[in-house]
Amino acid sequence: MEIWVLGALGRTGRAITAELAARDLTAVLVGRHRERLAATGAKYVVADGAAAIAAEIRRRRPAVVVNTIGEYAATAPAIARACLPGGHYVDMAADLPAVRRLLDLHDEALSGGSTFVTGAGFGVLATEAVVAKLCEGRATPSHVQVDALASVASEGGTVGVALAASIVDAMTAVSARGAKPRTLVLPDGETAKVAGIPSGELLAAQRASGTPDVTVFSGLAPTAPAVRAVLPLLGRLVSIPAVRRFTIRRLAAVRTKPAPRPRTHTWGHAVVTWPDGTRREGWLRADEAMDFTAAVVAETAVRLARGEGKPGAHTPASALGADVAEAAGGTFLL
Ligand SMILES: NC(=O)c1ccc[n+]([C@@H]2O[C@H](COP(=O)([O-])OP(=O)(O)OC[C@H]3O[C@@H](n4cnc5c(N)ncnc54)[C@H](OP(=O)(O)O)[C@@H]3O)[C@@H](O)[C@H]2O)c1
């Protein structure tokens with residue numbers, strides 16, 4: 001029963017492998033640099049690009065595939081389909097097109113007896129889990145508002161293509177739509193600025209609550225007026241494929257310095273309103289956002305390997321229940 005980690009030598013890949021080891025599971029490392037993989041002493045598979053990875057999955061049939069190679073909208077469906085029938089799939093997509101594309105594979109996953117989980121990262125789970133808890137056993141609400149506020153430490157080094165692509169796609173989404181910035185007061189008394197962003201959290205909260213009327217705010221969306229003023233133009237520019245590729249290449253090469261997390265906790269927050277005016281509010285508190293993400297992915301992979309996931313294509317709480325957020329180190333404040 002093998003768990004493969006694609007992009008195993010990357011930032012999240014390494015952290016997930018360590019989280020799996022902490023749960024007594026040895027991952028098979030999948031990457032594109034034979035020498036670096038061999039130097040780890042772990043079992044590994046060499047494959048470069050989604051097509052080669054999918055071919056290896058079909059040949060060797062791992063029980064669970066964890067995808068950290070990024071560019072999910074373009075590459076995840078081919079990799080997830082390679083897990084059919086019976087194999088399970090997890091990724092950390094956060095942008096709306098990627099999450100939607102994976103969820104669109106629901107019928108294929110269902111008939112193949114597989115579970116596909118997308119959005120197994122901080123923002124999607126931290127917000128959908130709170131919505132699911134607040135809506136448990138109640139009628140469909142009329143409106144849901146969620147806030148995702150990640151506190152991320154930087155290990156330094158280059159941004160890398162996978163993360164650069166996610167940042168560029170998020171900026172394009174913000175420029176297209178999104179509510180105005182506001183100040184969020186956190187349960188520990190700190191404050192933070194958040195702004196609207198149509199990201200994967202939107203679909204997850206819609207599915208967890210049953211209402212289409214969802215607003216998503218995120219601490220990752222730009223809040224400075226000068227930056228927001230140029231976003232529509234930037235969004236139009238990076239929607240040109242050649243400009244997008246160039247921007248991702250340049251951003252990927254940018255070097256960042258090591259930096260501690262900006263605040264003690266990472267927060268997911270939801271306010272749910274029902275047609276009769278009833279309003280419920282809740283939070284999920286976690287520590288550093290990338291540590292939480294790695295724990296979410298490892299916990300999800302372990303549960304899928306044990307056959308505990310609902311067949312079909314899901315976000316994490318929808319596949320495994322909201323409690324997976326607690327198992328990954330989160331605490332609900334409802
Ligand atoms: N939703 C969330 O909360 C969340 C949290 C963290 C990360 N993420 C997302 O997860 C992804 C990974 O982030 P990261 O920071 O771990 O990136 P990273 O450090 O750049 O790691 C990506 C890994 O994937 C490999 N890779 C990239 N393209 C590949 C390809 N075509 N074929 C084979 N291997 C390939 C890279 O190999 P090389 O080393 O050879 O380049 C690298 O090992 C990003 O999309 C990021 O936005 C989401």
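All figures in this text were calculated on a predicted structure; none of them were measured in a lab.

(A) Focus on the layout of surface pockets. For the second largest pocket, the calculated volume is near 370 Å³. Lining the second largest pocket are 21 residues, with Ala 73, Asp 95, Pro 97, Asp 169 and Arg 244 sitting closest to its centre. Those elements that provide at least two residues to the lining of the second largest pocket are α4 (72–82), α5 (96–103) and α8 (161–176). Broken down by element, the residue count for the lining of the second largest pocket peaks at six residues, all from α8. Among the residues making up the lining of the second largest pocket, the classes are represented as 11 nonpolar, three polar and seven charged. Mapping the lining of the second largest pocket onto the domain boundaries places at least three of its residues in each of domain 1 (3–121 + 290–333) and domain 2 (124–288).

(B) Representation of the domain arrangement of the protein chain in the model. Along its sequence, the protein chain is carved into domain 1 (3–121 + 290–333) and domain 2 (124–288). Between the C-alpha centres of domain 1 and domain 2 there is a distance of 22 Å. If you look at the interface, domain 1 gives 33 residues, while domain 2 gives 34 residues. Considering only the side of domain 1, the residues that lose the most area to domain 2 are Arg 11, Leu 96 and Leu 333, jointly responsible for 25% of the buried surface there. Across the contact surface, domain 1 and domain 2 share three salt bridges. Taken together, the elements giving at least two residues each to the side of domain 1 that touches domain 2 come down to α1 (11–22), α5, α12 (289–305), β15 (312–314), α13 (316–320), α14 (324–327) and β16 (331–333). Residue composition of the side of domain 1 that touches domain 2, grouped by class: 17 nonpolar, nine polar and seven charged.

(C) The sheet that holds strand β3 (residues 44–46), seen in detail. In spatial order, the strands read β3-β2-β1-β4-β5-β6-β15; together these seven strands make up an open sheet with parallel pairing. The sheet is open, and its two edges are formed by β3 and β15, each paired on a single side. Shown here is a sheet whose adjacent strand axes are inclined to one another by a mean of 15°, direction ignored. Pairing analysis gives three bridges linking strand β6 (residues 115–117) to β15, with the strands arranged parallel. Looking at β15, one finds that Val 117 is bridged to His 314. Its contacts with the sheet place α5 against β5 (88–91), β6 and β15, and it is angled at close to 160° to β15.

(D) Inspection of the pairing of strand β14 (residues 279–286) at higher detail. When strand β13 (residues 266–273) meets β14, the two strands line up antiparallel, connected through eight bridges. If you follow Thr 266 over to β14, its bridge partner there is Ala 286. Counting the residues that bridge the hairpin from β13 to β14 gives five residues, and of these Gly 277 lies at a positive phi of roughly 95°. In this sheet, β16 lies alongside β14 in antiparallel orientation, the contact comprising three bridges. Note that in β16 the partner of Trp 283 across the bridge is Leu 333.

(E) Here's a closer look at the site of the ligand. The environment of the ligand is formed by 23 residues, the closest being Thr 12, Arg 32, His 33, Gly 49 and Ser 166. Ala 162 is positioned with one of its backbone polar atoms (N or O) 3.4 Å from an oxygen atom of the ligand. The separation between an oxygen atom of the ligand and a polar side-chain atom of Thr 293 is 3.4 Å. Going through the elements one at a time, α1, α8 and α12 are the ones with two or more residues in the shell around the ligand. Element by element, the count of residues in the shell around the ligand is highest for α8, at three residues. Its residues assigned to classes, the shell around the ligand shows 10 nonpolar, 10 polar and three charged.

(F) Representation of the pattern of salt bridges in the model. Summed over the entire model, instances satisfying the criterion amount to 14 salt bridges. Between Glu 299 and Arg 23 there is a salt bridge; the shortest N-O distance is 3.0 Å. Separated by 276 residues along the polypeptide, Glu 299 in helix α12 and Arg 23 in the loop between α1 and β2 (27–31) bring together distant segments of the chain. The exposure class assigned to Glu 299 is buried, which follows from its relative accessible area of 10%.

Rules and cut-offs
- Residues numbered from 1 in each chain as written.
- Predicted model: local features only at pLDDT ≥ 70, side-chain atom pairs only at ≥ 80, totals over all residues.
- Heavy atoms only, no water.
- 1 Å grid on protein atoms, 1.4 Å probe; cavity = no way out; pocket = protein on both sides within 12 Å on 5 of 7 lines; lining within 4 Å.
- Points joined across faces, edges and corners; volume = space filled by probe spheres on them.
- Helix = DSSP H or I, 4+ residues; strand = E, 2+ residues; numbered from the N terminus.
- Nonpolar A, V, L, I, M, F, W, Y, C, P; charged D, E, K, R; others polar.
- Domains from an automatic or database assignment.
- Contact = heavy atoms within 4.5 Å.
- Buried area = accessible area lost by both parts, 1.4 Å probe.
- Salt bridge = Lys/Arg side-chain N within 4 Å of Asp/Glu carboxyl O.
- Pairing = 2+ DSSP bridges.
- Axes fitted to C-alpha atoms, helices over the stretch in contact; angles between N-to-C directions.
- Near = heavy atom within 4 Å.
- Polar contact = N/O pair within 3.5 Å; in protein donor to acceptor, adjacent residues only side chain to side chain.
- Buried < 20%, exposed > 50% of the residue type's maximum accessible area, 1.4 Å probe, protein only.

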